[in-house]
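Structural description and commentary
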Amino acid sequence: MGLQFLFATGIENSNPTIDHGKQRVDELEKCGHYQRWHRDFDLVQELGIRFLRYGPPLHTTFVGPGKYDWSFADATFRDLLRRDIAPMVDLCHFGVPDWIGNFQNPDFPVLFAQYAKAFAQRFPWVQLYTPINEMYVCATLSALYGWWNEQLRSDQGFVTALKHIVKANVLAMQAILEVRPDAIFVQSESSEYYHAENPAAIKPAEEMNAKRFLSLDLNYGQRVNSEMYEYLLDNGMRRDEYHFFMHNKLKHHCIMGNDYYKTNEHRVAADGSTRASGEIFGYHAITNQYYDRYHLPVMHTETNLWQGPNGDEAVNWLHKEWANVLRVRNDGVPIVGFTWYSLTDQVDWDSALRENNGRLNPVGLYDLDRNIRPVGAAYKQLIADWNQVLPTQSMCLQVPIVMPSEHNCGWAQKQREDVSARQVPPASGGAPPRRKGKPACA
């Protein structure tokens, strides 16, 4: 077995609704992926990338209870299999189908788990999943800030959305494991930090710094502190619902993916209001906080920066984030991958997708004409330089990553059988190994 550091990019499939459900913001449509998906996969290969954060649009694929339109997924995932690109499948990215409504719907967790199982059965060669992207962000922007979907602005709305989203994620992991017992789940969660700007702001900042962990605490079965427990119960979570999360611990199947942008750190005023602080601690310091809490292998699952007026702002940010990844690794944290997100420029990211302005945001490795940006060339070189260096120095997971072309190999089939028979934690630290080159399938 050789070792493989997970250099990745992503093609964002966000699709929240805005304007009280009257409009849907479909980022795949805005960025031209429906028409140019074949070219987009060409670009992934041109960069030397073998891991892609990607998923079908939930709102057009999950058309009713037990009903699915797999036409787009069949075409795209068949092509990923042909290219031997391993998708980290993003099944829900900020939105649900119209017939489900929004994240206040208590039926969502069970329905979503059924969808996840159906996907796994249709694409059994897929091993890596992000069932629900950025659970904390999704609940916050949908039900606390009033920007998306249910557009609520209340703690009760937030807790309701959060418990439904995280329960859906847990049930989806369980459902996928029934089909693919050696599945590995890469959570992609925003890594936040709140800085008190004066002594009077210390208490609200402390509360926000506890709240930022809620999605992963519940997902990993980590007991929350007493203040957060009271907050959850005061705002609609029942004790039996909390116990569900404490009794369904699947963290041994997980890699803690964390996202970091300049906007992830905040200044808190005495009245609890916040504003962007820019980078103060940085990825290294904040990632160590999350690792100290969960003790899971880590993957940097999102970052980007606008290509600014000098043309090198994004390139400089790439190298800064990469230096942070190396520093995290040198501190002894098992960091297994890095992602520039996303492959192409985005549209309306500057409004957090809450406005349909059609404004281009130059954050991609390629522009929307599919011309490479300076950061794309820099990332391609970074991958070429480091791809053969990091694996030889990495620890390994107990369960290897199986590339699409290896799915039917004898060793991969035996791995699935062994994991299913043992029903023990498959992963607890370090970079996942895989066979070098194309293994002989027996």
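Look a little higher up for the structure.
Keep in mind the model is a prediction, meaning the values are calculated, not measured.

1. Looking at the environment of Phe-51
Its place among the elements puts Phe-51 in strand S5 (residues 51-54). Note on Phe-51: relative accessible area 1%, which makes it buried. For the pair Phe-51 and Asp-84, spaced 33 residues apart in sequence, the C-alpha to C-alpha distance is 9.2 Å.

2. Some words on the sheet that holds strand S11 (residues 193-196)
Read across the sheet, three strands follow the order S11-S13-S14 without closing on themselves; strand pairing throughout is mixed. Of all strands in the sheet, those with a lone pairing partner are S11 and strand S14 (274-276), marking the two edges. Averaged over all neighbouring strand pairs, the angle between strand axes comes to 35°, with direction disregarded. In this sheet, S14 lies alongside strand S13 (residues 265-268) in antiparallel orientation, the contact comprising three bridges. Across the sheet, the residue bridging to Val-268 is Thr-274, located in S14.

3. Overview of the sheet that holds S5
Around the barrel, which closes on itself, the eight strands sit in the order S2-S5-S8-S9-S10-S12-S15-S16 with parallel pairing between neighbours. Ignoring which end each strand starts from, the neighbouring axes of this sheet average 25° apart. Here four bridges tie strand S8 (residues 86-92) to strand S9 (residues 128-132), and the two strands are oriented parallel to one another. Paired with Val-89 across the strands is Tyr-129, a residue of S9. Sitting on the sheet, helix H14 (residues 374-386) touches strand S2 (6-10) and strand S16 (335-341), and the angle it makes with S2 is about 160°.

4. Remarks on the pairing of S13
Here S11 pairs with S13 via four bridges, running parallel. From the neighbouring strand, Tyr-194 faces S13, where its bridge partner is His-266. The turn linking S13 back onto S14 is made up of five residues, and Gly-272 within it adopts a positive phi angle of 90°.

5. Digging into the pattern of salt bridges
The full count for this structure, using the stated rule, is 26 salt bridges. For Asp-418, the salt bridge is made with Lys-414, and the minimal N-O distance between the two is 2.8 Å. One end of the pair, Asp-418, and the other, Lys-414, are both in helix H15 (residues 410-422), four residues apart, so they sit about a helical turn from each other. Judged by relative accessible area, which is 27%, Asp-418 ranks as partly exposed. One network of salt bridges, with partners in common, ties together Asp-42, Asp-79, Arg-82 and Arg-83.

6. Concerning the environment of Glu-12
As for its position among the elements, Glu-12 is in the loop between S2 and strand S3 (17-18). Taking the relative accessible area as the measure of exposure, Glu-12 reaches 4% and is therefore buried. Each C-alpha atom of the pair Glu-12 and Thr-344 lies 9.0 Å from the other, and the pair is 332 residues apart in sequence. The residues contacting Glu-12, other than those within four sequence positions of it, are Glu-27, Leu-28, His-93, Phe-94, Tyr-341, Ser-342, Gln-346, Trp-349 and Leu-353. Polar contacts involving the side chain of Glu-12 include one to the side chain of Trp-349, which spans 2.7 Å.

7. Quick notes on the side chain of Arg-373
Locating Arg-373 in the fold gives a position in the loop between strand S18 (360-361) and H14. Classification of Arg-373 by relative accessible area gives buried; the value is 15%. A distance of 3.4 Å separates the side chain of Arg-373 from the side chain of Gln-307, its partner in a polar contact. With sequence-adjacent residues up to four places away left out, Arg-373 is seen in contact with Gln-307, Asp-345, Pro-362, Gly-364, Leu-365, Tyr-366 and Asp-367.

Conventions and cut-offs
All residue numbers here refer to positions counted from 1 along the written sequence of the relevant chain. The predicted nature of this model means local features are confined to residues of pLDDT at least 70 and side-chain atom pairs, given and counted, to a pLDDT of 80 or more, with totals for whole chains, interfaces and linings taken over all residues. Only heavy atoms go into the side-chain values, all of them from the structure, while hydrogens and water stay out. Helix and strand labels come from DSSP, where a helix needs a run of H or I of at least four residues and a strand needs a run of E of at least two; each type is numbered from the N terminus. The cut-offs for exposure are 20% and 50% of the maximum accessible area for each residue type, with area from a 1.4 Å probe on protein chains only; residues under the lower value are buried, those over the upper are exposed, and the others partly exposed. Two strands pair under a simple rule: DSSP has to find at least two bridges between them. Whenever a helix is involved, its axis is fitted only over the stretch in contact; in every case the axis is a line through C-alpha atoms, and angles between N-to-C directions fall within 0 to 180 degrees. Contacts are assigned to residue pairs that have any heavy atoms within 4.5 Å of one another. One side-chain nitrogen of Lys or Arg within 4 Å of one carboxyl oxygen of Asp or Glu is enough to make a salt bridge. In the analysis that follows, any N or O atom pair within 3.5 Å is treated as a polar contact, provided that within protein one partner can donate a hydrogen and the other can accept it, and provided that, for residues neighboring in sequence, both atoms belong to side chains.

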